[in-house]
Amino acid sequence: MSESDAPAEFVPNRVDPRLLELLICPVTRQPLVYDRAANELISAKARLAYPIRGGIPIMLEEEARDMDVLPDLSGGTDESPQGTETGGGT
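In what follows, the accompanying structure is described. (Residues numbered from 1 in each chain as written. Predicted model: local features only at pLDDT ≥ 70, side-chain atom pairs only at ≥ 80, totals over all residues. Heavy atoms only, no water.)

1. Examining the overall build of the protein
A count of helices and strands for the protein gives one helix and five strands. Helices and strands in the protein line up, N terminus first, as α-β-β-β-β-β. Burial status across the protein gives 22% buried among its 90 residues. Taking all contacts inside the protein whose residues are at least 6 apart in sequence as the whole, residues at least 24 apart take part in 22%. When the accessible area of the protein is evaluated, it comes to approximately 7,400 Å², of which 53% is carbon and sulfur surface. (Helix = DSSP H or I, 4+ residues; strand = E, 2+ residues; numbered from the N terminus. Buried < 20%, exposed > 50% of the residue type's maximum accessible area, 1.4 Å probe, protein only. Contact = heavy atoms within 4.5 Å. Areas by Shrake-Rupley, 256 points an atom, 1.4 Å probe, with all protein chains shown as cover.)

Quick look at the structure:
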C-alpha cells in the first residue's frame, strides 16, 4: 500500500468531507450545511440541526434540535411567572 492509499488520520468529532457531500436531510431530502462551530448538520428547510457525535452524524429526526425553539436563558426550570401562585394557597 502506498502512502497516497493510506487512510486519513482519524480525528474524533470530525466528519469525512466526502460523507458530508452525500448526506441529505431525511425529512426534506435537501442538502445539509455543516456547522463546524456547533458540530451539527443544518437543514435550513426543515429548520433542524442534526448532531454529530464521535464523528458520526446522527440522522434521526427525533435526535435533531429544532432550530425554531429558543433555549431557556432564564437559568431556572420554573415556567410560571414570578409572584403567581400555582397551588391552592392560603
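2. Quick word on the nonpolar core
Val-15, Leu-23, Cys-25, Leu-32, Leu-41, Leu-48, Tyr-50, Ile-52, Met-59 and Ala-64 form the largest nonpolar core, which has ten residues in total. Looking at this core element by element, the count peaks at three residues for strand β3 (residues 48-53). Once residues within four sequence positions are removed from consideration, Ile-52 is found in contact with Val-15, Tyr-34, Asn-39, Glu-40, Leu-41 and Pro-57. (Core = buried A, V, L, I, M, F, W, Y, C linked by side-chain atoms within 4.5 Å.)

3. A few points about the pattern of salt bridges
If you walk through the whole model with that rule in mind, you get four salt bridges. Where Asp-16 meets Arg-18, a salt bridge forms, and the shortest distance between an N and an O atom there is 2.7 Å. According to the relative accessible area criterion, Asp-16 is partly exposed, its value standing at 31%. Judged by its relative accessible area of 60%, Arg-18 falls in the exposed class. For Glu-63, the salt bridge is made with Arg-53, and the minimal N-O distance between the two is 2.9 Å. Of the two residues, Glu-63 sits in the loop between β4 (56-57) and β5 (65-66) while Arg-53 sits in strand β3, which places them ten residues apart along the sequence. (Salt bridge = Lys/Arg side-chain N within 4 Å of Asp/Glu carboxyl O.)

4. Things to note about the pairing of β3
A large share of β3 lies buried, amounting to five of its six residues. By the bridge criterion, four bridges tie strand β2 (residues 40-43) to β3 in an arrangement that is antiparallel. From the neighbouring strand, Ser-43 faces β3, where its bridge partner is Leu-48. Turn length for the β2-β3 hairpin, with the two strands adjacent in sequence and antiparallel, is four residues, and the turn residue Arg-47 shows positive phi of about 60°. Alignment of β3 against β5, held across two bridges, turns out to be antiparallel. Counterpart to Ala-49 in the pairing with β5 is Arg-65. In this structure, β3 lies alongside β4, joined through two bridges in antiparallel fashion. By the bridge assignment, Ile-52 is partnered in β4 with Pro-57. (Pairing = 2+ DSSP bridges.)

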